[in-house]
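Tertiary structure, described
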Number of protein chains: 2
Amino acid sequence: MGEVKNKKVVLKDYVIGLLKESDMDIVEGTITLKLPEGSNEILLKNLYLSCDPHMRNLMSNIQDPDESFVPYTPGSPLEGYGVAKVLESGHPDYKKGDLVWGFTKWEEYSLVPSSLIPFKIEHTDVPLSYYTGILGMQGITAYAGFFEVGLPKKGERVFVSAASGAVGQLVGQFAKLTGCYVVGSAGSKHKVDLLKNKFGFDDAFNYKEEPDLNAALKRCFPEGIDIYFENVGGKTLDAVLLNMRNHGRIVVCGMTSQYGRAQPEGVTNLTSLITKRIRMQAFLVTDYYPMYPKYLEYVLPKIKEGKIVYVEDIVEGLENGPAALVGLFSGRNVGKQVLLVAHE
Amino acid sequence: MGEVKNKKVVLKDYVIGLLKESDMDIVEGTITLKLPEGSNEILLKNLYLSCDPHMRNLMSNIQDPDESFVPYTPGSPLEGYGVAKVLESGHPDYKKGDLVWGFTKWEEYSLVPSSLIPFKIEHTDVPLSYYTGILGMQGITAYAGFFEVGLPKKGERVFVSAASGAVGQLVGQFAKLTGCYVVGSAGSKHKVDLLKNKFGFDDAFNYKEEPDLNAALKRCFPEGIDIYFENVGGKTLDAVLLNMRNHGRIVVCGMTSQYGRAQPEGVTNLTSLITKRIRMQAFLVTDYYPMYPKYLEYVLPKIKEGKIVYVEDIVEGLENGPAALVGLFSGRNVGKQVLLVAHE
């Protein structure tokens, strides 16, 4: 295997404000499909790429003293989660032909350092694209966030924002399977219908059509909220704080509405934390990766028996990546946004 | 014992904005020093009253749907924590002459419902006034908040705001006894000196003289903060959020700077919770009252051996109560503000 073309989606420059398609470029590179002698890297053929809101954060020129995250380098391809096939491996745990999910780059072929070990895909009787979401990072995110951080009890009242997104739709279904009352918010009538009719939420509302979020929450939760699964931040969080119950928990998974803002919105109702003894806890999914086998045991049978449904929005072709990514922030996608790079 | 005069500090009307002395009145009432036949109340002679920032919250006309707190009634005396002597008791657990601490009212004599059972004072070889603070509600607050909510480990870096206050000075000393590095902020040079020279903080700063709180925190915590004991909220919290370490904990005890504001300040850096996986947890001390005996076992020997010091600012006379209370919000008091109503 010699040198082949390698199409990439690269970041042109650090992004300020709302992400636009023109912030990214499609570039034709080349790659030699052979590992250098003695390399312990892994050479991947990318099949599916995951389009995730947190990628926007990595496009800002943020200097993080802890280096708990490193921004993308302008001129280089975007990075994120994906499903790929191993073409060559310098690491004993992987061999040619293995299917894996994990860290990869937005291009056709990627050399990935062995320090970023991907997960091997063992179950292929489900769609491979699921490993960019329900069976990948976002599945463990929903599972660990809801169960390990939220500590739900049967009968509790759960609110999920961005509820039709990859994580939200799962949290809602996990909550229903736990015997909770679940309400979700989303940004279109179609998504609200999906929440109520497909994902089994007890109720849902379109936040864009609610002039008063506080009133909407009071309507859906006359007795208050026990667990808020936080995906958006800002005004929604402020309204939720007024509607929490004593000993409530706010599981902070993301704050999409704040990403890329030069000046984030101020949250003014934090004193409610005190009177209600609230625990507001953020988490990073990587801390919970050791739970992955346990999660698969929980979720795989439920997918196969139809007890959990999962909706994806699959766009084909790397050249359509920028539009797919931008669409996340206008709420254009319905369900998990996936980019199909190549068929197996 | 017949009818006697009963001086009271009453709230004139609900308060908007900054508390002023003129929001309160000194009223001469009368009381019959005898329990009604068959009453199960307790008749108290108040000795010391505790001046606490949270009292300001109860002066606003806030309708709390959960009734997790009930505002004061205009025209009635203020309520709060205090040390008192039992004059008559309709409850079998208390008898005439017992010294107690707990809920009482801002007046010379109070009838207290038996449902608000006070704590009996068993150890009188320490100043009685200590039961309004270090040996009372604020002692358990500092102990439960720091140890049970903060879960400190030896060597961790702890920041305390309002550090010379009743709770703050204890948290700092508990942290030092745990082997932590401790920095406090306060609002005057005198208080900063007290923190460094009397309470043994490793460092301290006067927040009023720091044009940039973020820079002040970076100077004191070049490697970041593991535990923030939150007493003030607002701008301080916003600066702290930028300086937390991974897996940091924010123990939310109070947000004094926000009490009584018509429009609370917006906190803009909450997305830092996510990248640093922070747990921000509020608590109410009443949930931890069962730990009181355990706390006394911890703290009493340390007080007697001089391993913990405690500073009080005692003002004498109910008529000086309004000024003492108002002074809390301008930072006039040094150490725990106590109002001496009567000698035993």
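Computed from a predicted structure; not experimentally measured.

Bringing the overall build of chain A into the picture now. Scanning chain A for helices and strands turns up nine helices and 15 strands. Computed over its C-alpha atoms, the radius of gyration of chain A comes to 20 Å, within 12% of the 20 Å expected for a compact globule of 344 residues. A principal-axis box enclosing the C-alpha atoms of chain A has dimensions of 65 × 45 × 35 Å. Burial status across chain A gives 60% buried among its 344 residues. Partitioning the contacts of chain A with sequence separation of at least 6, the portion at a separation of at least 24 is 69%. If you sum the accessible surface of chain A, you get close to 13,900 Å²; carbon and sulfur atoms cover 51% of it. Mean positive and mean negative side-chain charge positions of chain A (37 and 41 charges, respectively) differ by 6 Å.

Moving on, we come to the interface of chain B and chain A. With 37 residues of chain B at the interface, the matching set in chain A holds 37 residues. Where chain B abuts chain A, roughly 2,900 Å² becomes buried across the two surfaces, and 64% of that area is made up of carbon and sulfur atoms. Across the chain B-chain A interface, the total number found is two salt bridges. Asp287 of chain B is the partner of Arg277 of chain A in a salt bridge, and the nearest nitrogen-oxygen pair spans 2.9 Å. For the pair chain B and chain A, the interface holds six residue pairs in polar contact (both at pLDDT 80 or more). Elements with a minimum of two residues in the side of chain B that touches chain A: β12 (244-252), α7 (272-275) and β13 (279-282) of chain B. Element by element, the count of residues in the side of chain B that touches chain A is highest for β12 of chain B, at five residues.

After a rotation of 180° and a shift along the axis of 0.0 Å, chain B superposes on chain A with an RMSD of 0.0 Å. The two molecules are tied by a two-fold rotation axis, judged by turn and shift. In terms of proximity to the rotation axis, the leading residue of chain B is Gly266 of chain B, whose C-alpha is 1.9 Å off the axis.

A separate point is the packing of helix α3 (residues 166-177) of chain B against helix α8 (residues 292-304) of chain B. Residues and elements named next belong to chain B. One can describe the packing of α3 onto α8 by two numbers: an axis separation of 13 Å at closest approach and a directional angle of 85°. The pairing of α3 with α8 is recorded here as roughly perpendicular in orientation. Judged by residue contacts, Leu170, Phe174 and Leu177 of α3 engage Tyr295, Tyr298, Val299 and Lys302 from α8. Class assignment of the residues belonging to the contact of α3 with α8 gives a composition of six nonpolar, no polar and one charged.

Now for the domain arrangement of chain A. Residues and elements named next belong to chain A. As far as domains go, chain A holds domain 1 (3-132 + 311-340) and domain 2 (137-286). When each unit is reduced to the centre of its C-alpha atoms, the spacing between domain 1 and domain 2 is 28 Å. Opposite the 18 residues of domain 1 that make contact, domain 2 presents 16 residues. Summed over both sides, the interface of domain 1 with domain 2 buries roughly 1,300 Å², with 62% coming from carbon and sulfur. It is Tyr81, Val311 and Val334 in domain 1 that bury the most area against domain 2; as a group they hold 32% of the surface buried on that side. The interface formed by domain 1 and domain 2 contains zero salt bridges. Taken together, domain 1 and domain 2 are joined by four residue pairs in polar contact (both at pLDDT 80 or more).

Let's shift gears to the pattern of salt bridges. Residue and element names in this part refer to chain A. Within the structure shown, the criterion is met by 38 salt bridges over all chains. Note that Glu223 is salt-bridged to Arg157, the shortest N-O span being 3.5 Å. On the criterion of sequence distance, the pair formed by Glu223 in the loop between α5 (213-220) and β11 (225-230) and Arg157 in strand β8 (residues 157-160) is long-range, its members being 66 residues apart. Assessed through its relative accessible area of 19%, Arg157 is described here as buried. Each of Arg157, Glu223, Asp226 and Arg245 takes part in salt bridges that share partners, so that together they form one network.

Attention now moves to the environment of Leu43 of chain B. Residue and element names in this part refer to chain B. Along the chain, the position of Leu43 falls in strand β3 (residues 42-50). Looking at Leu43, the relative accessible area reads 1%, which means it is buried. The contacts of Leu43, once residues within four sequence positions are left out, are Ile31, Leu33, Lys34, Leu35, Lys85, Val86, Leu87, Glu88, Ser110 and Leu111.

Residues and elements named next belong to chain A. Here helix α3 (residues 166-177) contains 12 residues, and its C-alpha end-to-end distance of 17 Å stays within 8% of the 16 Å for a straight helix at 1.5 Å per residue. Here α3 lies mainly inside the structure; 10 of its 12 residues are buried. For α3, the complete set of buried residues consists of Ala166, Val167, Gly168, Gln169, Leu170, Val171, Gly172, Gln173, Phe174 and Ala175. As for α3, its buried residues are in contact with α2 (137-149), β8, β9 (181-186), β11, α8 (292-304) and β15 (336-340). The first or second residue beyond α3 is Gly179, which carries a positive phi of 90°.

Residues and elements named next belong to chain A. Where α5 contacts helix α6 (residues 234-241), the axes come no closer than 9 Å and their chain directions differ by 50°. As far as their axial angle goes, α6 and α5 are oblique. Taken as a pair, α5 and α6 cross one another with a handedness that is right-handed. In contact with Leu213, Asn214 and Leu217 of α5, α6 contributes Lys235, Thr236, Ala239 and Val240.

On to the packing of aromatic side chains. In the structure shown here, the tally under the stated rule is 42 aromatic pairs over all chains. Judged by centre distance (5.2 Å) and plane angle (50°), the ring pair of Tyr143 of chain A and Tyr298 of chain A falls under tilted. Highlighted residues: Tyr143 of chain A in helix α2 and Tyr298 of chain A in helix α8, separated in sequence by 155 residues. Taking the relative accessible area as the measure of exposure, Tyr298 of chain A reaches 17% and is therefore buried. Each residue in the set Tyr143, Phe146, Phe147, Phe174, Tyr295 and Tyr298 of chain A is aromatic and connected to the rest through ring pairs, giving one cluster. We note Lys120 of chain A situated over the ring of Tyr94 of chain A; from NZ or CZ to the ring centre the distance is 5.9 Å. Taking NZ or CZ as reference, Lys302 of chain B lies 3.9 Å from the ring centre of Tyr298 of chain B, over its face.

What counts, and at which threshold
- Residues numbered from 1 in each chain as written.
- Chains lettered and ligands numbered in written order.
- Predicted model: local features only at pLDDT ≥ 70, side-chain atom pairs only at ≥ 80, totals over all residues.
- Heavy atoms only, no water.
- Helix = DSSP H or I, 4+ residues; strand = E, 2+ residues; numbered from the N terminus.
- Rg over C-alpha atoms; globule rule 2.2 N^0.38 Å.
- Buried < 20%, exposed > 50% of the residue type's maximum accessible area, 1.4 Å probe, protein only.
- Contact = heavy atoms within 4.5 Å.
- Areas by Shrake-Rupley, 256 points an atom, 1.4 Å probe, with all protein chains shown as cover.
- Lys, Arg positive; Asp, Glu negative; His and termini not counted.
- Charge placed at Lys NZ, Arg CZ, Asp CG, Glu CD.
- Buried area = accessible area lost by both parts, 1.4 Å probe.
- Salt bridge = Lys/Arg side-chain N within 4 Å of Asp/Glu carboxyl O.
- Polar contact = N/O pair within 3.5 Å; in protein donor to acceptor, adjacent residues only side chain to side chain.
- Least-squares fit on C-alpha atoms with pLDDT ≥ 70 in both.
- Axes fitted to C-alpha atoms, helices over the stretch in contact; angles between N-to-C directions.
- Parallel < 35°, antiparallel > 145°, perpendicular 65-115°, else oblique.
- Nonpolar A, V, L, I, M, F, W, Y, C, P; charged D, E, K, R; others polar.
- Domains from an automatic or database assignment.
- Expected span 1.5 Å × (residues − 1).
- Left-handed = near helix turned anticlockwise from the far one by under 90°.
- Phe/Tyr/Trp six-rings, centres within 6.5 Å; stacked < 30°, edge-to-face > 60°.
- Lys NZ or Arg CZ within 6 Å of the ring centre and 35° of its normal.

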